[in-house]
Amino acid sequence: MLRKRLFTVFLALLLSLALLVPAVSAAAPLPVKNVIFMIGDGMGIGAVQLARNALVGPDGRLVMETFPALGLATTFSADNAVTDSAAAGTALATGHKTKNGMVSVLPDGTTPVTTILEAAQKKGLATGLISTNTIYDATPAAFGAHWGTRGGSAEIAAQLLDHNIDVLLGGGSAYFFPAGVEDGVRKDGRNLATEAQAKGYAVVRDKDALAAVGGTKVLGLFHSSYMNYQKDRAFLGTSEPTLAQMAAKALAILSQSKNGFFVMIEGARIDHAAHAADLPGVIAEMKDFNDAVALARDFAAAHPDTLLVVTADHDTMGLSVTEPLDYALLKQVTVSPEFMAGKLEKDSAGVFTEGSIRQAFATYAGITDLTPQEVAAVQAQSKYPAYLVGYAIGSIIAARAHAGVVDPAVRALGHTGGHTGNMVPVYAMGPGASLFAGVLDNTQIPRRMAALLGVNLTE
Ligand SMILES: [Zn+2]
């Protein structure tokens, strides 16, 4: 503690000296020991504006908006003006463009490229990946695995473990257990949770176990698939940690590393809520993300050798805050559209009953005057999975709220389910933060991090 305080005094002295010699300090930022890279999946400018208006008011600021450096990043992929999360994750992890669907390999689909996490590991830094998605979904996968298709969950989960990443926290236990064990679906018989324990990991499955865990290696799996939407957790009575709780534990564990650390923290379900045109869900997921950013900001403020960068992988559904946007209606919605979809009942022909549709909208959205066309739009999805039924439900609520959002018919035409090519914001604080200001391409973000950490990515 005393040494820490002395170090802080020393740093303050150094800083004040640097202020006296501006020519020197401008050219030489403090060396970067730790990097915290936070990604709001699908967090376009519209999602940020919506969250600001709903959470802190139009004249307020989200935590990331108080950072000293602001940039805007282009996000196109190697084969599409509109990226998916795999190609975007690859760009943000490796500094290389690849095709949609590919995970940290070149567009040939097979040649792996070094990720910033691997480069940091090579230099002796501790590493971590955190997501509210499955831990092997596209964004975290791009930092800790290489695979030709984002759907290779079994392979990607195994690679994450083989990579000896110190902290892995998120959803996706299904691909860590073999079929027949817990909620496992692996066909190769491997039990990655047992293998992790043999490698020295503590394996935790709920927020209380996460809070209690110590040591230096932790695998936390809090759902068989995606972690639940923030709005649904109370209704489901789950014991999943918040993103801030996962971030707090990860920072406590990783900051024990003398050589520093690299961690990627993803608020993944902003994207999923946006796909469903679920503006109330976007607001709730943005609040969860903002709370985690606050925690990271406090850590970076207390550790001046920490670079904190917050960005998005792409925009989803081109959300915009229209003049007639009905915030009162948005507030009435208490669960995700997918949760509502799960409450619908089918008739003998396999079609959602009108009564159950009206009941769900009345109970969870306070909407009691559905038109026959709206009922029919939900019924038309009867044979599709709940998340797609949720798309229809979310779009009905969004239209009623006069939200600015990609039209369902336009969403159906694309391969990304409603992503757009809009630029995304980049916020940075800490040593070297100014390198993330201005108009950037997403591939420049990890390259600048690598330069500041003194590590090498594939050229
Ligand atoms: Zn998406």
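Residues numbered from 1 in each chain as written. Predicted model: local features only at pLDDT ≥ 70, side-chain atom pairs only at ≥ 80, totals over all residues. Heavy atoms only, no water.

1. Digging into the coordination of the zinc ion
Those protein atoms acting as donors to the zinc ion are D271 (OD), D271 (OD), H275 (NE2) and H419 (NE2), and they sit at 2.1 to 2.3 Å. For the zinc ion, the 4 donor atoms in the first shell make angles of 57 to 157 degrees at the metal, so the coordination geometry reads as irregular. Going along the chain, you hit the donors of the zinc ion in the pattern D-x3-H-x143-H. Note that D271 is positioned in helix 12 (residues 269-275) and H419 in strand 10 (residues 419-420), a separation of 148 residues in sequence. (Donors = N, O, S within 2.8 Å, 3.2 Å for Na, K, Ca; no water. Tetrahedral: all angles 85-135°; square planar, octahedral: opposite > 155°, others 65-115°. Helix = DSSP H or I, 4+ residues; strand = E, 2+ residues; numbered from the N terminus.)

2. What to know about the packing of aromatic side chains
Using the criterion set out here, one finds 9 aromatic pairs in the structure. Ring centres of F261 and F299 lie 5.7 Å apart, and the angle between their planes is 65 degrees; on these two criteria the pair is classed as edge-to-face. Placement of the pair is F261 in strand 7 (residues 261-267) and F299 in helix 13 (residues 279-302), with a sequence separation of 38 residues. F299 carries the same exposure label as F261, and that label is buried. Among the aromatic residues, ring-to-ring pairing joins F37, F143 and F262 into one connected group. One cation-aromatic arrangement involves K97 over F76; the distance from NZ or CZ to the ring centre is 3.7 Å. (Phe/Tyr/Trp six-rings, centres within 6.5 Å; stacked < 30°, edge-to-face > 60°. Buried < 20%, exposed > 50% of the residue type's maximum accessible area, 1.4 Å probe, protein only. Lys NZ or Arg CZ within 6 Å of the ring centre and 35° of its normal.)

3. Details of the layout of surface pockets
Of the voids in this model, the largest pocket is the one considered here, and its volume is about 720 Å³. Lining the largest pocket are 33 residues, with H275, Y387, L388, Y391 and G417 sitting closest to its centre. Within the residue set of the lining of the largest pocket, elements represented by two or more residues are helix 12, helix 15 (337-342), helix 18 (386-400) and helix 19 (408-411). Per element, the largest residue contribution to the lining of the largest pocket is 7 residues, and it comes from helix 18. Here the lining of the largest pocket is composed, by residue class, of 12 nonpolar, 11 polar and 10 charged. (1 Å grid on protein atoms, 1.4 Å probe; cavity = no way out; pocket = protein on both sides within 12 Å on 5 of 7 lines; lining within 4 Å. Points joined across faces, edges and corners; volume = space filled by probe spheres on them. Nonpolar A, V, L, I, M, F, W, Y, C, P; charged D, E, K, R; others polar.)

4. Notes on the domain arrangement of the protein
Along its sequence, the protein is carved into domain 1 (34-320 + 418-453) and domain 2 (333-403). Centre-to-centre separation of domain 1 and domain 2, based on C-alpha positions: 31 Å. The interface of domain 1 with domain 2 comprises 13 residues on the first partner and 14 residues on the second. Each partner contributes to the roughly 1,100 Å² buried at the junction of domain 1 and domain 2, and carbon and sulfur atoms together form 67% of this total. For the pair domain 1 and domain 2, the interface holds 0 salt bridges. If you look at where domain 1 meets domain 2, you find 2 residue pairs in polar contact (both at pLDDT 80 or more). Contributions of two or more residues to the side of domain 1 that touches domain 2 are made by helix 10 (230-236), helix 12 and helix 13. Element by element, the count of residues in the side of domain 1 that touches domain 2 is highest for helix 10, at 4 residues. (Domains from an automatic or database assignment. Contact = heavy atoms within 4.5 Å. Buried area = accessible area lost by both parts, 1.4 Å probe. Salt bridge = Lys/Arg side-chain N within 4 Å of Asp/Glu carboxyl O. Polar contact = N/O pair within 3.5 Å; in protein donor to acceptor, adjacent residues only side chain to side chain.)

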